[in-house]
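Residues per chain are reported as follows:
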Amino acid sequence: MEKTQRRLAAVVSLGLSAALVLSTGAAPAEAGGGADARAARADQLTGFGYRGDVYGVKLVTDSVEALNLKDAHAQQLCTRSAGKVVEQQSAVSVPDNPLIQVSASASRTETYVDGETHGVRGTNTIGDISIGGTVGPLTTPRLVIKGLQTTAHAFHTPRGYGHDEGFTFASISLELLDNTVVEQLPPELQQLLAPLDQVTDTVFTGTQQAAQQVFQVLSDVTKPIVIPGLGTIALGYENGRANSHNAQSQASALRIEVTAGDRRQLVELGTARVRMGGPAPVGVFRSGGTAMDYQALQGALRFGNVQHKALPCQGTRGRTQTYQVPHATQLVPVPVQLDGVTYQVNGDQFRAKAGAKRGKVAKGWSRTAIRSVSIPTAQLVITDVSSRAAMRQKPGKRVGSKISTGVGSITVAGQQVAVPAPGEVVELPNGVGEIQRQLVDTGYRGSQVIALRIKLYSEAVVIDLARTAGRIYDS
């Protein structure tokens, strides 16, 4: 069947809000010492599980992430090895909107051991950010930030777990529109301008200490600060926590929503998230789920994650963690609406003391469920889609896997369509597409399962629903 491709006309508006939580952790001075010391201990297997996720720019629309525009993404998958380094760079980001220019972004994640200190650190650096300017007949205020750096650090010393996170930037400037009367600007924006030097009637700039004072103003306000004619600016978040079993640290420097022009775009700039925990005597879990993975134009466009949740590397000590996303929508090129997304994860590592199962064991499971999926252009509604992946491993052994999927009902234009059995495919009426049930990928480390795969022929769109992984790695 001939498939046609349609050009994507626009990236839709984004609607995220951020909450600010300030942390109090402090990293030990010796943590992550010299590069030579770390290199000498490269790939050293430890009893901790580490994970890191760092990127320069992210665009999200109603809980659905534009995966193609997530740049300089340095991801450290769950590992027990110290000395692992992942680095990614990009030359330019978000080229689709001429009012948003982000250049020279570099991200790095690193696991390390230095004496009795173990840790994982993530860092992102963006050289130059420019928001606004003149495009055709449109002129907006211009915000320029240089040298934005975000750092997240989780560690363990003989005193226990700890965390440290934060961000800095070298300089900031804001050029307002001509004939702007500063005294008539919103009070919050006047406070933002106060630490800066006023170069002309409409240009404000500052470096180092003044730039850091701007961060303080952003952290004090309760909602994004409006820059008339451009959009809003807000601090992202900075938080971490540590207890007797794990530590996590995360920071996201800025969220800037551009409302000028023919679209709204919310851009998350400079994000670093890391975590570590233990004990992990058998291995680390690489498990979790995502409600939707959406590909269009033969993979040229990818959206997904839907606030993806992963099982902590070391597990949850046998406790079930549940996360819910009430609503998520992908609008282009084919609208999809998800309602009632639920993620559940559970994992444990322990020593079986008796019987044939004696010895160290890691086991767990992940589950992804969606109460309702609607694709209006195809008049397609699917209810109660779910997938579950369970895994169990003893050291040095193949991971045992067990997967399952569930589907409540499928209707097209109100008419029931047979729910396919696991592994089977059903054609949608009028030749618009097909639905495949339970796609499984199983290997030595475990399994991944997709509950449903929807193909819409005319739009060249592939939509995977309720994708769940259950894998265990020993290093």
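Predicted model only: the values in this text are computed from it and were never measured.

Thresholds applied
- Residues numbered from 1 in each chain as written.
- Predicted model: local features only at pLDDT ≥ 70, side-chain atom pairs only at ≥ 80, totals over all residues.
- Heavy atoms only, no water.
- Salt bridge = Lys/Arg side-chain N within 4 Å of Asp/Glu carboxyl O.
- Helix = DSSP H or I, 4+ residues; strand = E, 2+ residues; numbered from the N terminus.
- Buried < 20%, exposed > 50% of the residue type's maximum accessible area, 1.4 Å probe, protein only.
- Phe/Tyr/Trp six-rings, centres within 6.5 Å; stacked < 30°, edge-to-face > 60°.
- Lys NZ or Arg CZ within 6 Å of the ring centre and 35° of its normal.
- Disulfide = S-S within 2.5 Å.

Caption draft 1: Region of the structure containing the pattern of salt bridges. All told, the structure shown has ten salt bridges when counted by the stated rule. The shortest N-O distance in the salt bridge between Glu-87 and Arg-108 comes to 2.5 Å. Of this pair, Glu-87 sits in strand β4 (residues 85-93) while Arg-108 is found in strand β5 (residues 100-114), placing the two residues 21 residues apart along the sequence. Residue classification places Arg-108 among the partly exposed positions, given a relative accessible area of 29%. Of the charged contacts in the structure, one is a salt bridge between Arg-121 and Glu-110, with a shortest N-O distance of 4.0 Å. Here Glu-110 lies in strand β5 and Arg-121 lies in strand β6 (residues 117-131), a separation of eleven residues in the sequence. Of the two residues, Arg-121 and Glu-110, both sit in the buried class. Among the charged side chains, a network of salt bridges with common partners joins Glu-87, Arg-108, Glu-110 and Arg-121.

Caption draft 2: Structural context of the packing of aromatic side chains. Here the structure, examined in full by the defined rule, presents four aromatic pairs. Ring centres 6.4 Å apart and planes at 50° place the aromatic pair Phe-48 and Tyr-50 in the tilted group. When sorted by exposure, Phe-48 lands in the same class as Tyr-50, which is buried. Here the aromatic rings of Phe-169 and Phe-215 are separated by 4.6 Å at their centres, their planes lie at 75°, and the arrangement is edge-to-face. Taken as a pair, Phe-169 in the loop between β10 (160-168) and β11 (171-175) and Phe-215 in helix α3 (residues 209-220) lie far apart in primary sequence, 46 residues in all. Aromatic ring contacts, followed pair by pair, group Phe-48, Tyr-50 and Tyr-161 into a single cluster. The side chain of Arg-286 reaches across the aromatic face of Tyr-473, ending 4.0 Å from its centre.

Caption draft 3: Geometry of the state of the cysteines. On inspection of all chains with the given rule, the structure shows one disulfide. Here Cys-78 is linked by a disulfide to Cys-313, with a sulfur-sulfur distance of 2.1 Å. On the S-S bond that ties Cys-78 to Cys-313, the torsion sits near -75°, and the link is left-handed. One end of the pair, Cys-78, is in strand β3 (residues 74-82); the other, Cys-313, is in the loop between β21 (309-310) and β22 (321-330), and 235 residues separate them in sequence. Classification of Cys-78 as buried rests on a relative accessible area of 1%. When its relative accessible area of 1% is taken as the criterion, Cys-313 is described as buried.

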